[in-house]
Amino acid sequence: MATGLRLPGGVLSMTADAADRLVKAGDGDQALLYLHLLRQGGGFSPDTARRALGWTGDRVRTAFDNLVRLGLADQEAEQPAASVPPEPQAPPEYTAGDIARELEGSSPFPGLVQEVERRLGKVLSTADLKMLYTLYDYLALPAEVVLLLVNWCIEENQRKYGEGRMPKFSQIRREGFIWRRLGVDTPEAADAHLRQQSQLRGREKELLPLLNIAGRPPVEQERKYLDSWVQMGFDNGAIRLAYERTVFKKQSLSWPYMNSILKSWHQKGLHTAEQVASGDSGLPRRRRPAPGAPAPLPGDGNRPAQASLKADMDWMDRFLEQTGRTKGGT
């Protein structure tokens, strides 16, 4: 037994079959999440896993979906998030009196209202104030986080629709619920989240031309695909190669089909064009020439479909002639 191996009092164990599947998959995220699930007794809470592993929600979801495909997790084992009520469960119905009392108090809320109005360039309506108070009181987001949230929504809205276009407060409220579910509830977490989002947007600008998309930003569902591919660690070359295979097969860009190709490569640990070229069985492989065969024709093994029959016949004649000489010992 290795002397450096630490065996805690509470020992976790897995079957040899599970270990074999994880090793064959070659994906560290799947292995770490599986250990976390063992530690949790098999139950899966995306929010608990995200906090324990220090991952993004998308990264946790990708790893869990891959474990389900490996047969090492059960989709029904997922537990509903308990930290934040889901959106359909409405927050309290704040009244105008509630808002007025808060504005007259000594909390940070009055100052938050003034700063949000300044950034949006308008006086908030009663409905807007209720939504802002929902973020501040019901979701318990600190004032600094709310301001970062407002700034992000302004930037996103102007990126999509043009300079000067401000978001509706309902959009800000909806994004606030997303942030809270992701655990973006401190200035530090918000700063890290925004840095990640900025990096993803930068990659989007690189990836859209590779998919022959120009003149428009991606729609929300397209963005989810792009973000998941970036999170999985693919380089531009691999994504372009997946696009070319998709168009060859489907005659146009099919996002679900392209996603299935990339997820398959991700499970094999292939994330660059070079890795895919050497490790993916979907690529045609050149046959090794028979012993004693003449050198292949220029471009042989990858010859275009229009290569003439005469060229093939000439090559075969040379091959048979050389083989005959070898067998005859001359």
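Residues numbered from 1 in each chain as written. Predicted model: local features only at pLDDT ≥ 70, side-chain atom pairs only at ≥ 80, totals over all residues. Heavy atoms only, no water.

Student: An account of the confidence of the model for the protein chain is requested, with residue identities and associated values reported.
Tutor: Any residue range with low pLDDT should be treated as having predicted coordinates unsuitable for detailed reading. Mean pLDDT over the protein chain stands at 80; residues scoring 70 or higher make up 76%. For the protein chain, helix α15 (residues 309-328) is the element with the lowest average pLDDT, namely 57, and helix α6 (residues 109-120) is the one with the highest, namely 96. Between residues 1-10, whose pLDDT stays under 50, and residues either more than four places distant or in other chains, the model counts one contact. Considering only residues more than four positions removed or in separate chains, one finds that residues 297-308, a stretch of pLDDT under 50, has eight contacts. (pLDDT = per-residue confidence, 0-100. Helix = DSSP H or I, 4+ residues; strand = E, 2+ residues; numbered from the N terminus. Contact = heavy atoms within 4.5 Å.)

Student: Before we move on, could you go through helix α1 (residues 16-25) and cite the residues and values that matter?
Tutor: Listed as buried for α1 are A18, L22 and A25. Viewed along the axis of α1, the buried residues span an arc of 65 degrees, placing them on a single side of the element. Seen from the open side of α1, the exposed residues pointing more than 90 degrees away from its buried face are A16, D20, V23 and K24. Next to the buried residues of α1 lie α2 (28-39), α4 (57-70) and α13 (255-268). Just downstream of α1 lies G26, where phi reads positive at about 65 degrees. (Buried < 20%, exposed > 50% of the residue type's maximum accessible area, 1.4 Å probe, protein only. Arc of directions from axis to C-beta.)

Student: Lay out the pattern of salt bridges with the relevant residues and their values.
Tutor: Summed over the entire model, instances satisfying the criterion amount to 18 salt bridges. With a shortest N-O distance of 2.9 Å, E222 and R216 are connected by a salt bridge. A relative accessible area of 10% means that E222 is categorised as buried. The structure contains a network of salt bridges with shared partners spanning E156, R159, R201, E204, E220, R223 and D227. (Salt bridge = Lys/Arg side-chain N within 4 Å of Asp/Glu carboxyl O.)

Student: Give a detailed account of the nonpolar core, specifying residues and quantitative values.
Tutor: Judged by nonpolar contacts, the single largest core of 32 residues is most densely connected at L112, V116, L132 and F169. Put simply, the parts of the chain that give this core at least two residues each are α6, α7 (126-138), α8 (143-161), α9 (169-181) and α10 (187-210). Considering each element in turn, this core owes the most residues, nine residues, to α8. In this view, V116 contacts L124, L132, L147, V150 and F169; residues no more than four positions away in its chain are not counted. By size, the runner-up hydrophobic cluster in this structure holds 23 residues, among which are L226, W229, F234 and A242. (Core = buried A, V, L, I, M, F, W, Y, C linked by side-chain atoms within 4.5 Å.)

Student: Which residues make up the packing of α7 against α9, and what values go with them?
Tutor: Helices that pack against each other are described as a pair by the angle of their axes relative to one another and the distance between those axes. Between α7 and α9, whose axes approach to 9 Å, the crossing angle comes to 15 degrees. The angle between α7 and α9 places the two elements in the roughly parallel class. When the axes of α7 and α9 are compared, the crossing they make is left-handed. Here D128, M131, L132, T134, L135 and Y138 of α7 come into contact with α9, specifically with F169, S170, I172, R173, G176 and F177. When grouped by side-chain class, the residues that make up the contact of α7 with α9 number seven nonpolar, three polar and two charged. (Axes fitted to C-alpha atoms, helices over the stretch in contact; angles between N-to-C directions. Parallel < 35°, antiparallel > 145°, perpendicular 65-115°, else oblique. Left-handed = near helix turned anticlockwise from the far one by under 90°. Nonpolar A, V, L, I, M, F, W, Y, C, P; charged D, E, K, R; others polar.)

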